[in-house]
Amino acid sequence: AIVNNNKLKRLDLDKCGAITARGWDGFLGVLCNISSINATFQSNHTLMRMWCYSWNRNGMRLSDELLFSLQANTETDKINVARQKIFRCHLNGNFNLAPFLGMDAVLLPT
């Protein structure tokens, strides 16, 4: 339901102190599905805030990847958000970007 949702920007939860870091990372597959580039492109790019009442962000134990996805989603250009997630998750490390430099923009996901 959250994957295809393009309206929900905030998810405020109550009585969620028992959610572990692994539990919070369950949301990562929704915000940035890394199973394929296409899945990442089709991930949720709208949800930008998750909050558990009575906990601060550090107490929630959100992973860097989940925080990145939430922060990226604050941008208004959702195509750019999708590109950021794709580059971060699939085209990082020693990936050679040289072949992409000469490509027309129409070849990249829009």
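The following refers to the structure shown.

A closer look at the nonpolar core
Stage number 1. Among the nonpolar cores identified, the biggest contains 13 residues, and Trp24, Phe27, Leu47, Met50, Leu66 and Leu70 are the most heavily contacted of them.
Stage number 2. What Leu70 contacts, discounting residues up to four positions off in sequence, is Leu31, Leu47, Met48, Arg49, Met50 and Leu62.

Points about the packing of aromatic side chains
Stage number 1. Per the counting criterion, the structure on display carries one aromatic pair.
Stage number 2. Over the face of the ring belonging to Phe68 we find Arg88, whose NZ or CZ atom lies 4.1 Å from the ring centre.

Comments concerning helix α4 (residues 64-72)
Stage number 1. Among the residues of α4, Leu66, Phe68, Ser69, Leu70 and Ala72 are the ones counted as buried.
Stage number 2. For α4, the elements touching its buried residues are α1 (21-25), α2 (28-31), β2 (49-52) and α5 (78-90).

What to know about the state of the cysteines
Stage number 1. This structure, assessed with the given rule, holds zero disulfides.
Stage number 2. Not part of a disulfide, Cys32 finds its nearest cysteine sulfur in Cys89, a span of 3.2 Å.
Stage number 3. What makes Cys32 buried here is its relative accessible area of 4%.

What counts as what
- Starting afresh in each chain, residues are numbered from 1 along the sequence in its written order.
- Whole-chain, interface and lining totals are the exception, using all residues; otherwise, since this is a predicted model, local features are given only for residues with pLDDT of at least 70 and side-chain atom pairs are given and counted only at 80 or more.
- Hydrogens and waters are ignored; side-chain quantities use all the structure's heavy atoms.
- To form a nonpolar core, buried Ala, Val, Leu, Ile, Met, Phe, Trp, Tyr and Cys residues must be joined to one another through side-chain atoms within 4.5 Å.
- Burial here depends on accessible area, computed with a 1.4 Å probe over protein chains only, as a share of the maximum for the residue type. Under 20% is buried, over 50% is exposed, and the range in between is partly exposed.
- Working rule for contacts: check all heavy atoms of both residues, and any pair within 4.5 Å makes them a contact.
- Centres within 6.5 Å make a pair out of two Phe, Tyr or Trp rings, where for Trp the six-membered ring is used; the pair is then stacked when the planes are under 30 degrees apart, edge-to-face when over 60, and tilted otherwise.
- Remark: a charge is flagged as sitting over a ring if the NZ atom of Lys or the CZ atom of Arg is within 6 Å of the ring centre and within 35 degrees of the ring normal.
- Only runs of H or I of at least four residues qualify as helices and only runs of E of at least two qualify as strands under DSSP, and these elements are numbered from the N terminus.
- Only a pair of cysteine sulfur atoms within 2.5 Å counts as a disulfide in this structure description.

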